[in-house]
Amino acid sequence: MDPVVIPILVAALVVVFLVAATVRIVPQARRYNIERFGRYRRTLQPGLNFVLPVADRVNTKLDVREQVYSSDPKPVITEDNLVVNIDTVLYYQITDPRAAAYEVADYLHAIDQLTVTTLRNVIGSMDLEGTLTSREEINARLRAVLDDATGKWGIRVNRVEIKAIDPPNTIKEAMEKQMRAERDKRAAILHAEGERQAKILTAEGTKQKDILEAQGTQQAMILRADGESKAVELVFQAVHRNNADAKVLAYKYLETLPDLARSDNNTFWVIPGELTEAIRTVTTAFGDRSAGTGPPTGARREDAADAHASDKDHVGAPEIEVNSTLALDAVAAADEAAKQAAVAVSDAKAEAEAAGETRLPGRGPAPGG
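Our subject in this report is the structure included herewith. Residue indices follow the written sequence of each chain, beginning from 1 at its first position. Per-residue local features are limited, in this predicted model, to residues with pLDDT of at least 70; the limit for side-chain atom pairs, both in listing and counting, is 80 or more; totals at the level of whole chains, interfaces and linings are taken over all residues. The side-chain numbers reported here are obtained from all heavy atoms of the structure, hydrogens and water having been left aside.

Things to note about the packing of aromatic side chains
Aromatic pairing here means that ring centres of Phe, Tyr or Trp (its six-membered ring) are within 6.5 Å. Orientation follows from the plane angle: under 30 degrees is stacked, over 60 is edge-to-face, and everything else is tilted. Within the structure shown, the criterion is met by two aromatic pairs. When the centroid spacing of 5.5 Å and the interplanar angle of 70° are considered together, the rings of Tyr40 and Tyr102 count as edge-to-face. One end of the pair, Tyr40, is in strand 3 (residues 39–44); the other, Tyr102, is in helix 2 (residues 97–102), and 62 residues separate them in sequence. Relative accessible area serves as the criterion here: at 29%, Tyr40 is assigned to the partly exposed category. For the exposure calls, accessible area comes from a 1.4 Å probe over protein chains only, and a residue counts as buried if that area is under 20% of its type's maximum, exposed if over 50%, partly exposed in between. In this structure Tyr102 comes out as partly exposed when scored by relative accessible area, which is 33%. Between Tyr92 and Tyr107, the ring centres sit 6.0 Å apart and the planes meet at 65°, which makes this aromatic pair edge-to-face. Here Tyr92 is found in strand 8 (residues 83–94), whereas its partner Tyr107 is found in helix 3 (residues 107–123), with 15 residues between them in sequence. Here Tyr92 matches Tyr107 in class, with each residue buried. The way it works is that DSSP assigns letters per residue, a run of H or I at least four long becomes a helix, a run of E at least two long becomes a strand, and they are numbered from the N terminus.

Quick look at the structure:
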């Protein structure tokens, strides 16, 4: 090999080494701490940078993006002396690469230990129930303490979250029983409330039904009473228009007695005192039919006296009281009264026919005799 070539090659290698040692290319979101003869010189920014070969060297390479650090479960004792395991998630970002490299030896380990001690201080003043329901408060207090402590380390804590809180198994079982009891309680309350609402609605429906039925009955009774009133008025007008005398009314009175006695509401029936007078009136009516051809007035008075005696023999029944031993069944008493009235009418007809035959001896027997 030519002796001249060897020095050229050595010089080229030296130049390449010097260029490589002088040029530093820093990626985006990275920071390089440069030391010159063991002392911090500066922090290289992203891009092309030049340093002194041999004198300057890169001490630390740091990532300034926001990073996530998840710690292992740490045992913490609550105020009511229960041990719970708590996992935390930390979101942090390096804001000062020089401080992160020279102010603390291992910033992740320092943050982890600071988180544990802060958790024990915060959780130690809460019971288990408060620990489970106060995560936002715990996160805020952790973030405030960590952000204040890590500021001088060139680190900013953006967010701290409690990932999990694991109580002992016995506490979990007790909590499950408590939650089951709460669910059963809510279910029983909802069921009772539903039954209450159903009963209220049923009662309201029954009330509305009774009201409507009562209103319907009221309207029916009013209409029925109105109809009966008009019927009575028409009958009254017809009676007065036809000039009906007491004999016709007495006869209608006798016809109504059986229907009055057959009513289901009558347990006892009292024969009214007007029954004899009504029968006498009817008898007199049939006697007056042959008054123009009958015997003289004296004979008629004797016949009327005999008829009156006969009426007393047939229908002079005593009045039945409620507590008397002569009380009869209502229907039987009505039928008996109707029979007595019929017998009295028949006797009156026979007497009238006999009086007619006595009055007119020259004629033949009366029709139907």
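Focus on a nonpolar patch on the surface
Two distance rules govern patches: like charges are joined within 9 Å, and nonpolar side chains (Val, Leu, Ile, Met, Phe, Trp, Tyr) within 5 Å, applied only to residues with over 30% relative accessible area and no salt bridge. Per-residue and other accessible areas were derived by the Shrake-Rupley procedure at a 1.4 Å probe size, with only the shown protein chains allowed to occlude residues. Every case where a carboxyl oxygen of Asp or Glu lies within 4 Å of a side-chain nitrogen of Lys or Arg is listed as a salt bridge. Residues Ile6, Val10, Val14, Phe17, Leu18 and Val54 make up a contiguous nonpolar surface patch of about 570 Å² in total accessible area. Along the polypeptide, Val10 turns up in helix 1 (residues 5–22). Judged by its relative accessible area of 47%, Val10 falls in the partly exposed class.

So, the sheet that holds strand 3
For two strands to pair, DSSP has to find at least two bridges joining them. Spatially, 3-2-5 is the arrangement adopted by the three strands of the open sheet, whose pairing is antiparallel. On the outer flanks of this sheet lie strand 3 and strand 5 (56–63), each paired with one strand and no other. Averaged over all adjacent pairs, the angle separating strand axes in this sheet is 25°, with direction ignored. The pairing of strand 2 (residues 30–36) with strand 5 spans seven bridges and is classified as antiparallel. Paired with Asn33 across the bridge in strand 5 is Thr60. Every axis corresponds to a line fitted to the C-alpha atoms, with the helix fit spanning only the stretch in contact, and the corresponding angles, defined between N-to-C directions, vary from 0 to 180 degrees.

Points about the pairing of strand 7 (residues 74–77)
Because side chains alternate across strand 7, one face comprises the buried residues Lys74 and Val76, and the other comprises Pro75 and Ile77, none of which is buried. In the sheet, strand 7 pairs with strand 8 via four bridges, with the strands oriented antiparallel. Considered in strand 8, the bridge of Lys74 is made with Ile86. Between strand 7 and strand 8, which follow one another and run antiparallel, lie five residues, and Asn81 among them has a positive phi close to 60°.

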